[in-house]
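Notes for the structure review
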Amino acid sequence: VLYTDVSMRRLPQTCEQLVLNPSFEDGTTAFWQPDERKYALYDIKSPGADGSQYAVHFSHISSRSRVLQYSLDTRCFVAGQKYRISAKFQFLNITSGAGLPCDLNDKDSRSEHICPRVRLYGKGCTFDTSDTVDNFFWNGLQFEDGEPYVWRPDAFNNWRRTFTVTPKLASCTSVRLMLGYSLAYDRILALDDVQLSQSTTFPPTGAPTYAPTKPK
């Protein structure tokens, strides 16, 4: 193996926006990775949301529990602080590429018609006897542009949800943002502009650092 032009650069350290590659506009999936590489399919595709250049398409071949995940800096999580998860999602038919609908009223994780939800999974938690915390979030948008929120199969759809950091989540040594959980086998999840943003300003528990992962 021959390596050339190897360099190191200091990553920005901030708790205001925890996702470093939210829009994939460098043409890579840097910092994002599947939980099981041999069972997940993901790649950069064009176009992205709102006329941007890139988005990521994710699907799986074995289990609906497979996810695309991002490791968050746990020192940014302070009990009582509020964060907002935001993203843009679209479902595509895995064969034809046509946009697909979803049922906003369906909350059954076994259903093939549910809309996207976001999973926040922490482990190594020391707050109580259980060392893990597992949160699933549905879209919190009820209205958009003054009208009731609807899912548009032919476009990227806005997704937002605010949550409060619990003492248990703040005690975890690892927290991952997971996308694609419960995705039906007949569809691709197209995703773009994924961010976890600070809604309240608390000082971090330490200077945040980000564990790098190789771009795809």
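Our subject is the structure listed above.
These notes cover the structure that comes with them. For clarity, every value in this text was computed on a predicted model and none was experimentally measured. (Residues numbered from 1 in each chain as written. Predicted model: local features only at pLDDT ≥ 70, side-chain atom pairs only at ≥ 80, totals over all residues. Heavy atoms only, no water.)

What to know about the side chain of R187
- Looking at the secondary structure, you find R187 in strand 13 (residues 187-198).
- When its relative accessible area of 6% is taken as the criterion, R187 is described as buried.
- Within the structure, the side chain of R187 is placed 3.2 Å from the side chain of D186, a separation counted as a polar contact.
- In this structure, R187 is in contact with S59, F91, L92, I94, L100, P101 and E112, ignoring residues within four places of it in sequence. (Helix = DSSP H or I, 4+ residues; strand = E, 2+ residues; numbered from the N terminus. Buried < 20%, exposed > 50% of the residue type's maximum accessible area, 1.4 Å probe, protein only. Polar contact = N/O pair within 3.5 Å; in protein donor to acceptor, adjacent residues only side chain to side chain. Contact = heavy atoms within 4.5 Å.)

Topic: the nonpolar core
- Membership of the largest hydrophobic core comes to 47 residues, with the highest contact counts inside it found for L72, F163, L177, L191 and L196.
- A per-element tally of this core places strand 5 (residues 82-93) first, with 5 residues.
- If near-sequence neighbours (up to four positions away) are discounted, L177 is found in contact with V19, W32, L68, Q69, Y70, L72, I85, V118, R119, L120, V194 and L196.
- In terms of nonpolar packing, the next biggest core, distinct from the first, is built from 6 residues, A49, A55, F156 and I188 among them. (Core = buried A, V, L, I, M, F, W, Y, C linked by side-chain atoms within 4.5 Å.)

Remarks on the sheet that holds strand 7 (residues 118-123)
- Read across the open sheet, the 5 strands follow the order 1-4-12-7-8; overall the sheet is antiparallel. This sheet does not close on itself; its edge strands, each paired only once, are strand 1 (32-34) and strand 8 (132-137). The sheet shows a mean angle of 25 degrees between the axes of neighbouring strands, direction not considered.
- Where strand 7 and strand 12 (residues 174-179) come together, 6 bridges link them in antiparallel fashion. Note that in strand 12 the partner of L120 across the bridge is L177. (Pairing = 2+ DSSP bridges. Axes fitted to C-alpha atoms, helices over the stretch in contact; angles between N-to-C directions.)

Functional significance is not addressed by these values, which are geometric in nature.
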